[in-house]
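# Summary of structural features
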Amino acid sequence: MIMNKQNIITIMFALITLEGLAQTKTATITGYSPALKDGTVAESSIDNVRVASDTVQSGRFTLTIPVEGLTKSYLFLAGEGCPNHLMTIWLSPNVDVKVTGMDCLYPLWKVESPLPEQQTLSRITEYGHDTLAETLRLGLANASWDEERPVYMKYLKQTMDVLPSLPVDAASLEELEGVAMMARNYPKDFPYMEQLKELEASTAARAPKGFEEQLALIHSQVYPPHILQVGEEAIDAELIDMQDQKHHLAEVLGQPDRYVLLDF
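Residues numbered from 1 in each chain as written. Predicted model: local features only at pLDDT ≥ 70, side-chain atom pairs only at ≥ 80, totals over all residues. Heavy atoms only, no water.

## Some words on the packing of helix H2 (residues 116-127) against helix H4 (residues 145-162)
Two elements in contact, H2 and H4, have axes whose closest approach is 9 Å; the angle formed by their N-to-C orientations is 130°. The orientation of H2 with respect to H4, classified from their angle, is oblique. The crossing of H2 and H4 is right-handed. Packed against H2, whose contacting residues are Ile-124, Thr-125 and Tyr-127, the element H4 presents Tyr-155, Gln-158, Thr-159, Asp-161 and Val-162 at the interface. Taken together, the residues of the contact of H2 with H4 sort by class into four nonpolar, three polar and one charged. (Axes fitted to C-alpha atoms, helices over the stretch in contact; angles between N-to-C directions. Helix = DSSP H or I, 4+ residues; strand = E, 2+ residues; numbered from the N terminus. Parallel < 35°, antiparallel > 145°, perpendicular 65-115°, else oblique. Left-handed = near helix turned anticlockwise from the far one by under 90°. Contact = heavy atoms within 4.5 Å. Nonpolar A, V, L, I, M, F, W, Y, C, P; charged D, E, K, R; others polar.)

Dropping the structure here:
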C-alpha cells in the first residue's frame, strides 16, 4: 500500500494521542441516593481545582478523576437539600469508589473503597456520625457560627478521641492536621489543647517513616511560634547599621530625646 505524507502524519498523530490516553491514570467515583434531585451537580476537586463533574440523573452520578498516585480529593454536590460541605475521598489509579445514601447528607454516606486510607476516614466519620449530622443540618438551616461552633468543636473532640485507635496513615494525619489548624486559628474557642498536645506527641512516636514533613507541619500548628504584639518589648538582637557596625538595642534604649529606626 502506498501512503502519502498526509496519511503518515495523521497516523503518527493518532498514535501519539493513543499513547497519551494510555498514560493517563484515572480513578472513578460513582454515587447514588434516591433523595438526589435530577440536575444536582456532582463535582470532584483536587487542590482547590475542579477536575471532574457530572449531572445527577435518577439519583446517580459518575466522576472519572485523573490521578497519579494516592490522592486526596473532595466531593461536592450542589443541589436542593445538599449541605455546603466537602466530603474527602481518597483515590488511587484504577480504584473505583462507590458512595451511597438514602438522603442528601452525602458526607455521611457509606463509602465502599479498597483503600485503607478511606477505611480510616470512614471509621472517624462513623465515630462522630451524630455530631457531624447535626453540624450539616445547622449548615442547611443557615445557623450562625455561634450556634454551630460548640457542635463542630464536639466533632473535633470525637475525632481526637478515636484517632489513637486508628493507624497512622495519610488519612489520620490529615484529620489531625485539620484539628491542629482549628486550634491555632481559633485558640479561644478550642478547649482541648492539652489533649491535642498529647495526641500530637503519641502520633509522632508511632508514625511510620515517610510522614516527617506532615508531622512537622502538625507540630508547628500545635506549637506555633510567638508573634510579637504591639507594646511587647523587642528582642535585644544584634543589628548592623549603615556603616556595617554591630549594635544591640540595649545600647540606645532609655536614652532621652533619641529615636531609633529599625529598617528590616
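Back to the write-up after that little detour.
## Brief notes about the pairing of strand S6 (residues 87-91)
Here S6 lies mainly inside the structure; five of its five residues are buried. Of the two faces of S6, the one carrying Met-87, Ile-89 and Leu-91 and the one carrying Thr-88 and Trp-90 are both buried. (Buried < 20%, exposed > 50% of the residue type's maximum accessible area, 1.4 Å probe, protein only.)

## Here we look at the sheet that holds strand S8 (residues 110-112)
The strand order across the open sheet built from four strands is S4-S1-S7-S8, with neighbouring strands paired in mixed fashion. Either end of the sheet is taken by a strand with one partner, and the two such strands are strand S4 (60-66) and S8. Taking the axes of each pair of neighbouring strands and ignoring which way they run, one obtains an average angle of 15° across the sheet. Pairing geometry for strand S1 (residues 26-32) and S4, over seven bridges, is antiparallel. Bridged to Thr-28 within S4 is Thr-64. (Pairing = 2+ DSSP bridges.)

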